[in-house]
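Examining the three-dimensional arrangement
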Amino acid sequence: MRKLILLLTILPISFFAQNSTTPTYTISGKIIDATTKAPLEYATVIFKSIDSTKNIAGEITNQRGNFSIEVKNGTYNLAIDFVSYISKIVAITVNNKSINIGNIELENDTESLDEILINGKVEAFKITQNKQVYNVSKDFSANGVSATQILNNIPSVSEGADGELTIRGQGNVTVLIDGKISSLSKADALKSLPAGSIDKIEVISNPGASYRASATGIINIILKKGKNHGLNSSITGSGGYKDIYGGLFNMNYKSKSINIFSTLSYAHSAKNNLIAIKNEYYNNNITTGFLDENSEVNSPSNDYMAIVGAEFYLSHKSTLTATAKYDNINRKQLTNTNSKFYDASNNFISENIGLNDTGFKDEIFEYTLDFKKHFNKEGQEISTYITYSNDNEHFLYDFSNSNPSFKDETYTEENTLENLEFSFKYKHPFSETSGMEIGYLGTFGKTPFIQTKAQIDEKITYTDYIHGVFLEYEKSWNSFYLGVGLRAEFTALNTNFNNLNTEQKNTFNDLFPAIYAEYNLNDSNSLSLSYSRTIQRPGYNELRPFEIKISETTSYIGNINLQPVDINSSNFSYNYYGNKLTLISSLYWNNYENIIQPISFETNENSVIGIPKIVTTFINVGAIDMYGLSLTANLDVTKWLDFSGSANVYEIIDTGIYKYTNDANEIIEKDFSNSDLSGNFNLLSKVKIPKVFDFQFNIINSLALTSAFSNRIGNTYATASINKDLFNNNASLSLAVDDIFNSKVRNKTWYETNYTSNRIKSQQFQTVVLSFTYRFNQDKQSKSINFDKKQKTPQI
């Protein structure tokens with residue numbers, strides 16, 4: 001919850017005024033909502049000359065709605081602006097003394113503005129040393145694409161080698177929906193969540209103690225609820241190359257006492273991927289055979305989503321929000337695999353034409369109740385929520401083969417993830433410069449895994465109960481800010497092997513400290529230092545206890561006995577906020593103990609043809625140290641051109657030895673010791689030509705990475721989109737292309753004791769989507785705001 005420091009255009013006249021020797025006096029006050037009396041964070045406060053032709057000084061209100069600006073003697077117009085509120089001008093005379101003008105109330109504007117222009121530019125991206133805020137409505141590709149695709153446009157966020165989300169190259173990212181863990185947070189649901197239903201996305205690289213201990217990095221997706229009074233809606237229709245189509249409908253009705261909001265969406269797609277696998281097998285370092293396998297994967301999907309909710313304004317200071325979410329995911333994966341087998345001399349032995357018809361149905365129900373209350377004392381508030389989700393997954397696997405050496409089989413897997421979560425937080429300010437926050441989070445999850453094969457059920461029930469409490473304290477001085485926090489979590493994990501009538505119980509109780517300090521050198525430069533201890537709990541796919549067959553030669557199985565990973569993270573940043581350039585540079589170190597590593601081994605299932613089957617699972621072994629340098633920047637070149645991007649270079653040092661006995665009763669020792677340098681880069685360019693079109697182009701690059709047993713080839717790909725506003729800005733037409741040059745290829749080679757395996761995965765076609773959006777009572781209007789000074793006191 002560290003304060004988002006906005007720094008925009010610094011006017012030259014204001015710069016010289018602040019550096020003058022003429023005495024200045026402090027004018028302070030607070031901006032609040034006239035109806036709810038709640039403080040308005042990020043409101044702009046500008047001192048103008050009495051004729052309002054010249055801006056003198058200004059800043060943005062902090063989390064408590066406060067501002068404090070130094071000006072010389074004189075008479076001024078004080079202009080206050082905030083999105084969706086009616087602007088206000090107050091006459092102020094400064095005469096040899098500082099003034100606190102108290103509360104200034106802003107009325108909600110029923111003809112509220114949809115966006116703010118800063119010096120004629122849309123503010124789409126805000127960055128600080130710890131948080132990035134990405135305004136999705138300002139992304140030209142937002143219509144017709146999914147949340148997963150839009151995340152790639154955010155600097156420092158990227159997809160890992162296996163499609164997982166990473167922040168600064170680090171996985172184990174916690175995805176929140178409206179600040180909460182949700183069934184919509186998982187990868188399958190994110191692919192069905194339309195970007196057009198998202199208001200903004202927050203990326204937090206170093207969460208504090210107020211977040212769950214498993215949150216080493218956070219992506220918080222904030223959904224649209226509607227800001228304008230009255231009835232407002234928008235409708236989007238999309239169609240694309242190779243069987244892509246869908247629609248999205250957003251609507252809200254807002255009055256002084258209630259805001260009713262809803263989102264409905266449907267998306268159909270049919271992605272095609274190509275997978276090529278080449279294996280060489282050994283025995284005592286002597287080649288025994290080869291495998292050449294090529295697969296074409298067709299993945300048609302039909303996704304439905306509905307969100308409906310209401311915000312009840314119980315009083316000027318209390319809000320109750322009820323939300324219901326429904327998601328229905330229906331996907332198939334039709335895989336045609338041609339496997340050719342060769343002997344040690346590379347002579348053809350036999351082949352197999354395999355068909356894998358996998359069906360996946362997922363039905364999600366989620367209900368949330370939020371309550372927030374502000375007190376009379378500035379900054380004092382209570383917030384609480386309770387959420388329940390039921391996520392029923394059904395998998396159908398049907399394998400058929402042309403080669404009689406392999407058997408045909410059909411089996412199902414059904415997993416029902418139930419989760420109940422309760423949160424309570426209380427903020428208490430001691431003064432304008434200090435305060436504390438305490439809270440509790442309880443998570444109660446249950447997942448029965450059921451696999452049915454040959455009419456026999458195998459059932460394993462996994463439960464996890466987590467109780468977390470935290471305390472945070474913050475204090476700011478003139479140029480220095482300090483925030484410290486401590487979190488305690490008490491975890492009980494229970495695995496019931498129902499068929500064996502056995503039960504396995506584990507408990508983990510631990511403390512997780514966090515500290516953050518920032519020193520402002522001046523209005524444009526600051527230094528910050530942070531440390532936190534977190535934990536990585538095994539993920540759902542890492543725990544799935546049943547073998548998942550990929551082909552007759554490759555399969556995967558989770559490990560229900562995985563243990564959590566302990567993580568220590570530290571970060572030192574230099575931050576620059578200039579007229580046109582914002583730059584966050586960070587040196588960081590992360591230490592992972594008892595790391596979860598993938599491991600592959602051979603079985604004798606295919607002994608008839610002399611080619612072993614390779615099974616991959618996960619184990620806890622050793623440690624990883626990660627040292628890195630990251631740069632995140634936003635450059636406003638002109639009113640019509642800007643760039644945002646990130647560069648991240650890191651060294652990974654692995655240690656650890658794992659021993660196991662293979663099917664041949666041999667003791668295999670695997671030494672994970674290794675070090676390598678890698679990184680990732682991206683550059684998003686935006687061109688905005690008023691009344692003509694908007695264009696953006698994103699280049700994403702990941703460098704090669706070598707570990708003890710694998711090598712990943714580097715990759716570069718690009719996306720682009722173009723947008724045109726129509727009908728008085730009531731409508732938009734956009735075209736988005738993912739992977740323009742069809743270069744999004746994942747190429748990785750594994751080196752094991754008795755085999756090497758190269759796997760190349762690529763898209764068969766680019767994704768091209770044309771979308772049309774029409775807005776009812778949501779016409780895009782804009783206004784220009786200028787101010788010259790950043791808020792000096794950050795908040796954690």
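Just so we're clear, the structure is a prediction, and the values are computed from it rather than from any experiment. (Residues numbered from 1 in each chain as written. Predicted model: local features only at pLDDT ≥ 70, side-chain atom pairs only at ≥ 80, totals over all residues. Heavy atoms only, no water.)

Considering the overall build of the protein
Put simply, the rule reads: Helix and strand assignments follow DSSP, with helices taken as H or I runs no shorter than four residues and strands as E runs no shorter than two, numbered in order from the N terminus. Our radius of gyration looks at C-alpha atoms and nothing else; its globule reference is 2.2 Å times the residue count to the power 0.38. The contact criterion used is simple: two residues touch if any of their non-hydrogen atoms lie within 4.5 Å. Working definition of accessibility: Shrake-Rupley area with a 1.4 Å probe, residue cover restricted to the visible protein chains. Only four residue types enter the tally: Lys and Arg on the positive side, Asp and Glu on the negative side; His and the chain ends are excluded. We put the charge of a Lys on NZ, of an Arg on CZ, of an Asp on CG and of a Glu on CD.
Assigned secondary structure in the protein consists of four helices and 49 strands. Over its C-alpha trace the protein gives a radius of gyration of 28 Å, about what one expects of a compact globule, namely 28 Å for 796 residues. Taking the principal axes of its C-alpha atoms as reference, the protein extends roughly 95 × 55 × 45 Å. The long-range share in the protein, meaning contacts at least 24 apart out of those at least 6 apart in sequence, stands at 66%. Roughly 33,500 Å² of accessible area belongs to the protein as shown, and the carbon and sulfur atoms make up 56% of that amount. Across the protein, 71 positive and 83 negative side-chain charges occur, with their mean positions spaced 9 Å apart.

Regarding empty space enclosed by the protein
Inclusion rule: Using a grid of 1 Å spacing that covers the protein atoms alone, one calls a set of points a cavity when a 1.4 Å probe fits there but cannot get out, and a pocket when the set is open and has protein on both sides within 12 Å along at least five of seven lines; lining residues are those with an atom within 4 Å of a point. Grid points are joined across faces, edges and corners, and a volume is the space filled by probe spheres set on the points. Note on residue classes: Ala, Val, Leu, Ile, Met, Phe, Trp, Tyr, Cys and Pro are nonpolar, Asp, Glu, Lys and Arg are charged, and everything else, Gly too, is polar.
In the structure shown here, the tally under the stated rule is 16 cavities of 30 Å³ or more. Taken as a whole, the second largest cavity spans an internal volume of roughly 180 Å³. Counting residues per element, the ones that place at least two in the lining of the second largest cavity are α2 (147–151), β41 (693–702), β44 (715–726), β45 (731–738) and β48 (767–776). In terms of residue class, the lining of the second largest cavity is built from nine nonpolar, nine polar and two charged.

Observations concerning the packing of aromatic side chains
We count it as follows: The rule is short: rings of Phe, Tyr and Trp, with Trp giving its six-membered ring, pair when the centres are within 6.5 Å, and they are stacked under 30 degrees, edge-to-face over 60, tilted in between. A ring is considered to have a charge above it if a Lys NZ or an Arg CZ atom is located within 6 Å of its centre and within 35 degrees of its normal.
The full count for this structure, using the stated rule, is 21 aromatic pairs. Among the aromatic residues, those joined into a cluster by ring pairs are Phe360, Phe395, Tyr397, Phe399 and Tyr411. Here the guanidinium or amino end of Lys670 rests over the ring plane of Phe709, the centre of that ring lying 4.4 Å away.

Side note on the sheet that holds strand β1 (residues 25–33)
Counted only if it meets this: Any two strands between which DSSP finds at least two bridges are classified as paired. Axis lines are fitted through C-alpha atoms, for helices just across the contact stretch, and the angle between N-to-C directions can take any value from 0 to 180 degrees.
Read across the sheet, three strands follow the order β4-β1-β7 without closing on themselves; strand pairing throughout is mixed. The open sheet has two edge strands, β4 (66–71) and β7 (99–106), and neither has a second partner. Direction aside, the axes of adjacent strands within the sheet are offset by 25° on average. One ladder, built from six bridges, connects β1 with β7; its direction is parallel. Each residue of the ladder has a partner; that of Ile31, found in β7, is Ile104.

Let's talk about the pattern of salt bridges
Selection criterion: Whenever Lys or Arg places a side-chain nitrogen within 4 Å of a carboxyl oxygen from Asp or Glu, that contact is recorded as a salt bridge.
Tallied over the entire structure, the rule returns 18 salt bridges. One salt-bridge network, held together by shared partners, links Glu409, Lys549 and Glu552.

A word on the side chain of Ser197
Where we set the bar: When a residue's accessible area, from a 1.4 Å probe over protein chains only, is under 20% of the maximum for its type it is buried; when over 50% it is exposed; and in between it is partly exposed. Residues adjacent in sequence count toward polar contacts only when both atoms are side-chain atoms; beyond that, a polar contact is any pair of N or O atoms within 3.5 Å, and within protein one must be able to donate a hydrogen and the other to accept it.
Structurally, the position occupied by Ser197 is in the loop between α3 (187–192) and β15 (198–204). Residue classification places Ser197 among the buried residues on the basis of a relative accessible area of 1%. Side-chain polar atoms of Ser197 contact the backbone oxygen of Pro194, separated by 2.7 Å. Setting aside residues no more than four positions away along its own chain, Ser197 makes contact with Leu223, Lys224, Leu248, Asn250, Thr263 and Met305.

Notes on the nonpolar core
Keep this limit in mind: Among the buried residues, those of types Ala, Val, Leu, Ile, Met, Phe, Trp, Tyr and Cys that are joined through side-chain atoms within 4.5 Å form a nonpolar core.
Core analysis: the largest hydrophobic core is formed by 59 residues, its most contacted members being Val136, Leu193, Ile198, Ile201, Ile219 and Ile221. Once residues lying within four places of it in the same chain are set aside, the contact partners of Ile198 are Val136, Ala147, Leu193, Ile221, Ile222, Leu223 and Lys224. Counting residues in hydrophobic clusters, the runner-up holds 20 residues, among them Val45, Tyr85, Ile104 and Leu106.

Comments concerning the environment of Ser210
If you trace the backbone, Ser210 turns up in the loop between β15 and β16 (218–223). Judged by relative accessible area, Ser210 falls into the buried class, the value being 7%. In sequence terms Ser210 and Ala514 are 304 residues apart; their C-alpha atoms lie 9.4 Å from each other. Residue contacts for Ser210: discarding those within four places in its chain leaves Lys425, Phe470, Glu472 and Arg487.

A short note on the environment of Leu521
Along the polypeptide, Leu521 turns up in the loop between β28 (502–520) and β29 (525–536). Linking Leu521 and Pro690, residues 169 residues apart in sequence, is a C-alpha distance of 38 Å.

Structural notes on the sheet that holds strand β3 (residues 55–60)
What holds strands together in a sheet is hydrogen bonding between their backbones, with the strands either parallel or antiparallel. Here we have four strands laid out as an open sheet, ordered β3-β2-β5-β6, and antiparallel in their pairing. Strands at the two margins of the open sheet, each flanked by one partner only, are β3 and β6 (88–94). Going across the sheet, the axis of each strand differs from the next one's by a mean of 25°, ignoring polarity. Note: strand β2 (residues 44–49) against β3, five bridges, orientation antiparallel. In the sheet register, Ile46 faces β3, and the bridge partner there is Gly58.

Overview of a nonpolar patch on the surface
To keep it simple, the criterion reads: Only residues whose relative accessible area exceeds 30% and that form no salt bridge are eligible for patches; like-charged ones are grouped when within 9 Å, while nonpolar side chains (Val, Leu, Ile, Met, Phe, Trp, Tyr) are grouped when within 5 Å.
Judged by side-chain polarity, Ile722, Phe727, Leu733, Leu735, Leu770 and Phe772 come together as a nonpolar surface patch covering roughly 500 Å² of accessible area. Residue assignment for the nonpolar patch shows that the elements contributing at least two residues are β45 and β48. Relative to the elements of secondary structure, Leu770 occurs in strand β48.

Observations concerning the pairing of strand β20 (residues 286–313)
Where strand β19 (residues 258–283) lies against β20, 26 bridges are found, and the strand directions are antiparallel. If you follow Ile260 over to β20, its bridge partner there is Ala310. The turn joining β19 and β20, which pair antiparallel and follow one another in sequence, is formed by two residues; a positive phi near 55° is taken by Asn284. Where β20 and strand β21 (residues 318–343) come together, 23 bridges link them in antiparallel fashion. Looking at the pairing, Ser301 lines up with Arg331 of β21.

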